Amino acid sequence: MSELTSVSQAQALIAEHMPSFGSELVPLDEAVGRILRQAVRAEHDHPPFDRVMMDGIATRWSQGMPRRLAVAGAQMAGMPRQSLPSGDACLEVTTGAMLPAGCDCVIPIEQLRRDGGDYLLSDECQPQAGQFIHRQASDCAQGSLLLSPGMRLGPAEMALLAANGVAKVEVAVMPSIAIVSTGDELVNVDAPLGEGQIRRSNDTAVRAMLRLEGFARVAMEHIVDDEAATRERIAELLDRHDVLLLSGGVSMGQRDYVPAALAAQGVRKVFHRIAQKPGKPMWFGIGPRGQAVFALPGNPVSALVCATRYARPALLAAQGIPVSAPEHVVLDSEVDINPTLVSFVPARVQTDASGRSMAYPVPSRTSGDFSSLPRTHGFIELPSGQGKAPAGTVATFYRW
Ligand code: AMP
Ligand code: MG
């Protein structure tokens, strides 16, 4: 039997062996939700010119300036720059227009009264030099760094790409992922349940997790508990996909064919079995073309814990997203720990009145008991030790 790998070693080994899926250029409107793999700098100053901020008039400010200004023309948004002929004149302006040459003051329409060919400043209007002008480069100068590799492209990032002329965007290639359930006892969600059968659910859970992270190229497969079939199907799947996420068949049982079948197809084992509970049987390896293969245990809590703790962060990191430090929480009540294994304990988290993130453990009775998981936000990770982790213990927390 192989040695147990520690949780931190398992994480480090995965990070060390994960392939990079590379990057590709996509049209801007296909980039939303993808992970940026280039730096984006300001194409020009923002704003690119001194810009009028209100509808009204533009004029030249001076101490005791005239309160009647003759309309000498108009400077509408989108027009090339006009000029103010004299200090007792004004140009009609709209929001977004260039500030006309010779002007340094914009007076909003609400503070004006039209009188024939002139505007009169209302009594309460006390103009200041420079008012209602958004100065060139005051948001950022040409060449400033706006977006960095590793950012996910949401609405604000998309706006910056559009505003800076990035019609084609370099993003991380989305890996093709196969989620593979194994087991003769498993049937589809809509099939009749025979004696000794259960519905498969790990594949649905893992696909949901990946979809929420934007992974769109995900296929679902099922393999029966047969040695030759397991080998054949794994070979096919390795041909078609960059990542395999299997569940079940990875323990020591007579019908757990997955590790041997993976080895037979040239998937090199990086580790098998982690010193943790639940999820001890997890297997990880690298296929002949660099495919990442995560073989998760079949028990639903174990599968979800391992997918959350290892597979999801590894897939995100392989797309170029910087790995974030884990969250910390404070145990609200004592929790049993294991003398030799790291414990992962599902928990609900809530911020208390003093701003601390309190974790309310919801221990599952077995690693197959996933009925209480919907009332939890994730799981706490507790190092091995004697007895119990007391209330008040600070622990790392991983969200589903
Ligand atoms: P195994 O790791 O194949 O021995 O499976 C361990 C336990 O998890 C068994 O009770 C299986 O029925 C169950 N199991 C395996 N795969 C799934 C799945 N995809 N969905 C739900 N339960 C599963
Ligand atoms: Mg099985």
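From a predicted model like this one, the values you see are computed outputs, not experimental measurements.

1. Quick word on the sheet that holds strand 8 (residues 112–115)
Moving on, step 1. Sheet architecture is open: 6 strands sit in the order 7-4-6-5-9-8, paired in mixed fashion. Sheet topology places strand 7 (105–108) and strand 8 at the edges, where each strand pairs with a single neighbour. Averaged over all neighbouring strand pairs, the angle between strand axes comes to 40°, with direction disregarded.
Moving on, step 2. Pairing of strand 4 (residues 56–59) with strand 6 (residues 89–93), which is carried by 3 bridges, proceeds in the antiparallel orientation. Counted as the bridge partner of Gly 56 is Val 93 from strand 6.

2. Notes on the nonpolar core
Moving on, step 1. Within the largest apolar cluster, 42 residues are counted, with the highest numbers of intra-cluster contacts made by Met 18, Leu 245 and Phe 294.
Moving on, step 2. Once you skip the residues sitting within four places of it in the chain, Met 18 turns out to touch Phe 284, Ala 292, Phe 294, Ala 314, Leu 315 and Ala 318.
Moving on, step 3. Judged by nonpolar contacts, the second largest core, of 16 residues, contains Leu 237, Leu 238, Leu 262 and Ala 295.

3. Brief notes about the environment of Pro 47
Moving on, step 1. Structurally, the position occupied by Pro 47 is in the loop between strand 2 (40–41) and strand 3 (51–52).
Moving on, step 2. Considering only alpha carbons, one finds Pro 47 and His 134, 87 residues apart in sequence, at a separation of 7.3 Å.

4. A few points about the pairing of strand 21 (residues 292–296)
Moving on, step 1. Along strand 21, 5 of the 5 residues are buried, which leaves the element largely enclosed by surrounding structure.
Moving on, step 2. On strand 21, burial covers both faces: Ala 292, Phe 294 and Leu 296 on one face and Val 293 and Ala 295 on the other are all buried.
Moving on, step 3. Here strand 17 (residues 243–247) runs beside strand 21; their pairing, made up of 5 bridges, is parallel. Residue pairing across strands places Val 243 opposite Ala 292, the latter belonging to strand 21.

5. Quick look at the pattern of salt bridges
Moving on, step 1. Counted under the stated rule, the structure contains 18 salt bridges.
Moving on, step 2. Between Asp 118 and Arg 68 there is a salt bridge whose closest N-O contact spans 2.7 Å. Placement of the pair is Asp 118 in strand 9 (residues 118–121) and Arg 68 in strand 5 (residues 68–75), with a sequence separation of 50 residues.
Moving on, step 3. For Arg 68, a relative accessible area of 40% puts it in the partly exposed group.
Moving on, step 4. A salt bridge links Arg 356 to Asp 352; the shortest N-O distance between them is 3.3 Å.
Moving on, step 5. Exposure remark for Arg 356: the relative accessible area of 43% places this residue in the partly exposed category.
Moving on, step 6. Looking at Asp 352, the relative accessible area reads 23%, which means it is partly exposed.
Moving on, step 7. Residues joined in a network through salt bridges with shared partners are Glu 221, Arg 233, Glu 236 and Arg 240.

6. Some thoughts on the environment of Thr 94
Moving on, step 1. The topology assignment puts Thr 94 in the loop between strand 6 and strand 7.
Moving on, step 2. The exposure class of Thr 94 is partly exposed, given its relative accessible area of 22%.
Moving on, step 3. Here the alpha-carbon distance between Thr 94 and Val 52, two residues 42 residues apart in the chain, equals 6.9 Å.
Moving on, step 4. A polar side-chain atom of Thr 94 sits 2.9 Å from the main-chain amide nitrogen of Ala 77.

What counts and what doesn't
Throughout, residues of each chain are indexed from 1 in the direction in which the sequence is written. Chains and ligands are labelled sequentially in the order written, the chains with letters from A and the ligands with numbers from 1. Local features in this predicted model are restricted to residues whose pLDDT is 70 or higher, and side-chain atom pairs enter the listing and the counts only when it is 80 or higher, whereas totals over whole chains, interfaces and linings include all residues. Side-chain measures here rest on the full set of heavy atoms in the structure, leaving out hydrogens and waters. When DSSP finds two or more bridges between two strands, those strands count as paired. The way it works is that DSSP assigns letters per residue, a run of H or I at least four long becomes a helix, a run of E at least two long becomes a strand, and they are numbered from the N terminus. Axes here mean lines fitted to C-alpha atoms, for a helix over just the part in contact, with angles spanning 0 to 180 degrees between N-to-C directions. Here, nonpolar core means buried Ala, Val, Leu, Ile, Met, Phe, Trp, Tyr and Cys residues that are tied together by side-chain atoms lying within 4.5 Å of each other. Type-normalised accessible area, obtained with a 1.4 Å probe on protein chains alone, sets the label of each residue: buried when under 20%, exposed when over 50%, and partly exposed for intermediate values. Only heavy atoms enter the contact rule, under which two residues are in contact if any of them lie within 4.5 Å. Counted as salt bridges are all cases of a side-chain nitrogen of Lys or Arg within 4 Å of a carboxyl oxygen of Asp or Glu. Two N or O atoms count as a polar contact when they lie within 3.5 Å, although within protein this holds only if one can serve as hydrogen donor and the other as acceptor, and sequence-adjacent residues are included solely when both atoms are side-chain atoms.

Interpretation note: all reported values are geometric properties and have no functional meaning in isolation.
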